[in-house]
Amino acid sequence: MDKIVSLAKRRGFIYPGSEIYGGLKGTWDYGPLGSELKFNIKQEWWKTMVKDRDDVVGMSASILMNPKVWEASGHIAGFSDPLIECKTCHQRFKADQKDVIAEHEGWHKERKEKIDWTEEKQFNLMVEAKLGVVEGEKETVYLRGEITQGVHVNFKNVLNSSRLKIPFGIAQIGKAFRNEITPGNFTYRSIEFEQMELQYYVKPDEKESMKHYEFWKNFRMDWYKSLGINPDNLRFREHKKDELAHYAKVAWDIEYNAPFGWKECEGIHHRGDWDLSQHQKFSGQDMFYFDEETKEKYIPWVIETSGGVDRAALFFLIDAYSEEEDPAKNGASRIVLKLNPKLAPYKAAVFPLLANKPELVKLARNIYDDLRKDFAVAWDDRGNIGKRYYSQDEIGTPYCITVDFDSLEQGDVTVRDRDTMKQERIKITELNKFLNEKLS
Ligand code: GAP
């Protein structure tokens, strides 16, 4: 993890939030490469979940919502973690994190200090904000604890403004906020994070809903695999009855084998009619669906897939990180991020072999400007070619394109593959097609 955290900072993927002021625990800022990576993850998700399907539409709801939404959704009453406090040093812990608690007890014991805990208390995770201009009259609102409710409160709006028929889904990507008791493991548990979710509305029928549940569970697992995560590092885990969130009938996590243990990457939840029934009850608005064909009227059930963009970014980074021998450097090691080209911040880097030869720089610049119209491409003319390869390997650029003297004569360039380190000559006019094929 130390290596990943250091690379992430050094190369501009992820920085600690507001670092020059000493930071703010549990917040992270994405740099030039991190924001490209996150953007690519979201784009791939949107393509698979929305664009490629005719039963799913997208939406983007506001972060701030009428506080009644959170009463109805159960987040004010039930969205909490059990908390205990160490009476010796007043640090707080999630009561269900047994391994962390044991480690803390060990720490005190080593110092021959007494260890004692407070009773378990429920700690609400919703982050509050104040709205209004007059002191004393400000209204308490909440930063959304999940992006989900913005979709459910718009169920009827989307239905009435589209021609969707059940089963159908509404997808959304956006920020969520939680007062986490123990933010940590780099970006894994943050206070502010992004979610990518699908709310899929189905008939209220046990067999039918479980059919959709199984479909989405496998579909989501396949998405991570298709983007290059080693299948051995992924597994499903079912939530036990006492772990289920207040809205869930059934829940399975997709977990990733992180350096800090098997950890949740995404949850697939059977939410039953919880959300729509609650909003119907609290708002007084009709949330029924009318099936024109069968003339049935019902409150649909919901199958949800809920993934974290930041967790996906972290796990893609961890899984892609490798250190291997570089024969070109007499067996010295190279660091390479073997990111799927679709996720890589840059798809290619263009170099002139020598930076002091204007004819090479000119041709390389032309290629760079041309490719940039269609792809994220980096430019590098510093140091020697070996150093430039090393630098691009470390940030996961799949192809390095070098313009040399033969390029001037023959109209071709050397393209070096990040993973195999093999080089081939490709016509300049074929470069666009080459990259398109590799990215498709
Ligand atoms: N709408 C359902 C829901 O929010 P969740 O299991 O609480 O379910 C879904 O969260 C996903 O959001 C998680 O699998 C994780 O990827 C991400 N997530 C949740 N809390 C997070 C946190 N504190 N920091 C980063 N990501 C988080």
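Every chain begins its residue count from 1, and numbering advances along the sequence as written. pLDDT decides what is reported in this predicted model: residues at 70 or higher carry local features, side-chain atom pairs at 80 or more are listed and counted, and totals for whole chains, interfaces and linings draw on all residues regardless. With hydrogens and water stripped out, all remaining heavy atoms of the structure feed into the side-chain values.

1. Focus on helix H8 (residues 206-226)
Right, so step 1: When the terminal C-alpha atoms of H8 are compared, their 30 Å separation across 21 residues agrees well with the 30 Å that a helix rising 1.5 Å per residue should span.
Right, so step 2: Under the scheme applied here, a residue whose accessible area is under 20% of the maximum for its type counts as buried, over 50% as exposed, and between as partly exposed, the area being computed with a 1.4 Å probe on protein chains only. Segments assigned H or I by DSSP are reported as helices when at least four residues long, segments assigned E as strands when at least two residues long, and all are numbered from the N terminus. Ser209, His212, Tyr213, Trp216, Lys217, Arg220, Met221, Trp223 and Tyr224 are the residues of H8 that are buried. Considered in projection along H8, the buried side chains sweep an arc of 165 degrees and stay on one side of the axis. H8 presents Lys207, Lys211 and Ser226 as exposed residues on the side facing more than 90 degrees away from its buried surface.
Right, so step 3: For the purposes of these results, a polar contact is taken to be a pair of N or O atoms within 3.5 Å, where, inside protein, one atom must be able to donate a hydrogen and its partner to accept one; residues adjacent in sequence count only when each atom of the pair is a side-chain atom. Capping of H8 at its N-terminal end is provided by Asp205; its side-chain oxygen lies 3.1 Å from the backbone amide nitrogen of Lys207.
Right, so step 4: Immediately beyond the C-terminal end of H8, within one or two residues, lies Gly228, with a positive phi of roughly 100 degrees. Helices are assigned an expected span. That span is 1.5 Å times one less than the residue count. It is the directions from the helix axis to the C-beta atoms that the arc portrays.

2. Points about helix H12 (residues 385-394)
Right, so step 1: A large share of H12 lies buried, amounting to 7 of its 10 residues.
Right, so step 2: The set of residues buried in H12 consists of Ile385, Arg388, Tyr389, Ser391, Gln392, Asp393 and Glu394.
Right, so step 3: Among the residues of H12, the N-terminal cap falls to Asn384, whose side-chain oxygen and the backbone nitrogen of Gly386 are separated by 3.1 Å.
Right, so step 4: A positive backbone phi angle near 85 degrees is found at Gly396, which sits one or two residues after H12.

3. Section: the side chain of Ser306
Right, so step 1: Its place among the elements puts Ser306 in strand E16 (residues 301-308).
Right, so step 2: In terms of polar contacts, Ser306 uses its side chain to reach the side chain of Glu197, at 2.6 Å.
Right, so step 3: If sequence neighbours within four positions are ignored, Ser306 has contacts with Gln195, Met196, Glu197, Glu266, Gly267 and His269. In this analysis, two residues are considered to be in contact whenever any of their non-hydrogen atoms come within 4.5 Å of each other.

4. Some words on the site of the ligand
Right, so step 1: Whether a residue is near a molecule or strand is decided by its heavy atoms; if any one of them lies within 4 Å of it, the residue is near. Taken together, 22 residues lie near the ligand, and Glu146, Thr148, Glu197, Glu264 and Glu304 sit nearest.
Right, so step 2: Note that a nitrogen atom of the ligand is positioned 2.8 Å from one of the backbone N or O atoms of Ser190.
Right, so step 3: The contact in question runs from a nitrogen atom of the ligand to an N or O atom on the side chain of Arg311, over 3.4 Å.
Right, so step 4: In short, Shrake-Rupley with a 1.4 Å probe defines the accessible areas, and a residue's cover is counted only from the protein chains shown. Protein burial of the ligand: of its 560 Å² of free accessible surface, 94% is covered by the chains.
Right, so step 5: Looking at the shell around the ligand, the elements that each hand over two or more residues are strand E10 (192-202), strand E13 (261-272) and E16.
Right, so step 6: Of the residues forming the shell around the ligand, the biggest block, 6 residues, is contributed by E13.
Right, so step 7: All residues other than Ala, Val, Leu, Ile, Met, Phe, Trp, Tyr, Cys, Pro, Asp, Glu, Lys and Arg, Gly among them, are scored as polar; the first ten of these are nonpolar and the last four charged. The class makeup of the residues in the shell around the ligand is 4 nonpolar, 8 polar and 10 charged.

5. Structural notes on the state of the cysteines
Simply put, disulfide is the name for a covalent bond between the sulfur atoms of two cysteines.
Right, so step 1: Throughout, disulfides are identified as pairs of cysteine sulfur atoms within 2.5 Å of each other. Scanning the model with the defined rule gives 0 disulfides in all.
Right, so step 2: Here Cys89 is not disulfide-linked; the sulfur of Cys86 is the nearest cysteine sulfur, at 3.6 Å.

6. Quick word on the domain arrangement of the protein chain
Right, so step 1: In this document the domain limits rely on a domain assignment from an automatic tool or a database. Domain boundaries in the protein chain define domain 1 (2-65 + 144-317) and domain 2 (346-439).
Right, so step 2: Of note, the centres of domain 1 and domain 2, computed from C-alpha atoms alone, are 37 Å apart.
Right, so step 3: Contact residues are listed per partner, giving 6 residues for domain 1 and 5 residues for domain 2.
Right, so step 4: Buried area is understood as the total, over both parts, of accessible area removed when two parts are fitted together, assessed with a 1.4 Å probe. Carbon and sulfur atoms supply 49% of the area buried between domain 1 and domain 2, which totals about 530 Å² over both sides.
Right, so step 5: In what follows, salt bridge is the name for a side-chain nitrogen of Lys or Arg lying within 4 Å of a carboxyl oxygen of Asp or Glu. Remark: the boundary between domain 1 and domain 2 carries 2 salt bridges.
Right, so step 6: Measuring nitrogen to oxygen at the nearest pair gives 3.1 Å for the salt bridge that ties Glu394 to Arg10.
Right, so step 7: Between the two partners, domain 1 and domain 2, sit 3 residue pairs in polar contact (both at pLDDT 80 or more).

7. Here's the deal with a nonpolar patch on the surface
Right, so step 1: Taken together, the side chains of Leu353, Leu354, Phe405 and Leu408 make up a nonpolar region of the molecular surface, amounting to roughly 290 Å² of accessible area.
Right, so step 2: Relative to the elements of secondary structure, Phe405 occurs in helix H13 (residues 405-410). Patch definition: residues with relative accessible area over 30% and no salt bridge; like charges joined within 9 Å; nonpolar side chains (Val, Leu, Ile, Met, Phe, Trp, Tyr) joined within 5 Å.

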